[in-house]
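Summary of structural features
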Amino acid sequence: MAAFIILVSQLFTTPMAFAQSDINIYFDRQFYTSGDEVGLLWRPQGVAVDSQDRIIVAKQNHTIDDGENVIHICDDRGSCTAFGKRGSGAGQFLGVHRVAVDSNDRIIVSDMGNHRIQICDYFGECTTFGGYSGNPIVESSDSGKTQAEAGKFADPTGVAVDSQDRIIVADSWNRRIQVCDDMCTCTTFGRQGEGVGEFGITRGLTVDSQNRIIVADTSNHRIQICDTQGNCAAFGEAGTNPG
């Protein structure tokens, strides 16, 4: 152990050649480790990077009954601060899933178990919007049933922010995408199905330079590329070959 500490000290204080494996050892032991202390991670769920290259990590603790649901803010050496705990109040989380940051470096969190989105600063001061939509209505419009209210969620998973600071949410169990501002004014597109512009269970999403929404349509084994009006193109299928 003493030799390892000396090696790490040399790596970061003196110019020298070192193998990639040396860096991996440092991070594996100091940053990517399970535990309850700040900087010790168990089941990290989401990650984002802000304008100052701070690494934002959504962490779920392994303790089921009273485990942490915490947001960590770290540098690339694993020096972290954190906020949040398990609960339903503002700044508390139940099943944190994904994180994103907006142009003001606010942290956007999909608080999946509370069926809402939280918008937080680095001190853990948060505002929330959303709430449970009720039993998900996932049938197609041909069934005569109406989609859940816009701005309500059922297990929101992926979250992203576009160049206009619109918050894009994968409203997973409602089988749709919501495009929201931070005042909870949302528009939606999508419904359950296998056609283009329809979704199964969705997990991750992101946006490109044209503000197109790129959706991991998980249970349909494909990627969809959509505008905010729900006009989509799709590629991919189940299998092991490229594409």
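Predicted model, so just to flag it, every value in this text is computed and none were measured.

Further remarks concern the overall build of the protein chain. Check the secondary structure of the protein chain and you find 2 helices and 16 strands. The buried share of the protein chain, taken over its 243 residues, is 43%. Contacts spanning at least 24 positions in sequence make up 41% of the contacts within the protein chain whose residues lie at least 6 apart. Per element, the accessible surface of the protein chain, about 12500 Å² overall, is 50% carbon and sulfur.

As a further point, take the sheet that holds strand E13 (residues 205-207). The strand order across the open sheet formed by 4 strands is E13-E14-E15-E16, and the pairing between neighbours is antiparallel. Here the strands that pair on one side only, and so sit at the sheet edges, are E13 and strand E16 (232-235). The mean angle between the axes of side-by-side strands here comes to 20°, regardless of whether they run parallel or antiparallel. Direction of pairing for strand E14 (residues 213-217) relative to strand E15 (residues 222-226): antiparallel, over a ladder of 5 bridges.

Taken as a whole and judged by the stated rule, the model has 1 cavity of 30 Å³ or more. One number sums up the size of the largest cavity: a volume of about 30 Å³. Forming the boundary of the largest cavity are Asp102, Arg106, Ile108, Val161, Asp165, Ile167 and Asp182. In terms of residue class, the lining of the largest cavity is built from 3 nonpolar, no polar and 4 charged.

Grouped burial of nonpolar side chains is what soluble globular proteins tend to show. With 15 residues, the main nonpolar core has Ile56, Ile71, Phe83, Phe93, Val99, Ile107 and Val109 as its most contacted residues. Excluding anything up to four places from it in sequence, Phe83 contacts Val70, Ile71, Ile73, Phe93, Ile107, Cys120, Asp121, Tyr122, Gly124 and Cys126. Grouped together as the second largest cluster of nonpolar side chains are 13 residues, Ile168, Val179, Phe189 and Leu205 included.

Reading guide: rules and limits
Residues numbered from 1 in each chain as written. Predicted model: local features only at pLDDT ≥ 70, side-chain atom pairs only at ≥ 80, totals over all residues. Heavy atoms only, no water. Helix = DSSP H or I, 4+ residues; strand = E, 2+ residues; numbered from the N terminus. Buried < 20%, exposed > 50% of the residue type's maximum accessible area, 1.4 Å probe, protein only. Contact = heavy atoms within 4.5 Å. Areas by Shrake-Rupley, 256 points an atom, 1.4 Å probe, with all protein chains shown as cover. Pairing = 2+ DSSP bridges. Axes fitted to C-alpha atoms, helices over the stretch in contact; angles between N-to-C directions. 1 Å grid on protein atoms, 1.4 Å probe; cavity = no way out; pocket = protein on both sides within 12 Å on 5 of 7 lines; lining within 4 Å. Points joined across faces, edges and corners; volume = space filled by probe spheres on them. Nonpolar A, V, L, I, M, F, W, Y, C, P; charged D, E, K, R; others polar. Core = buried A, V, L, I, M, F, W, Y, C linked by side-chain atoms within 4.5 Å.

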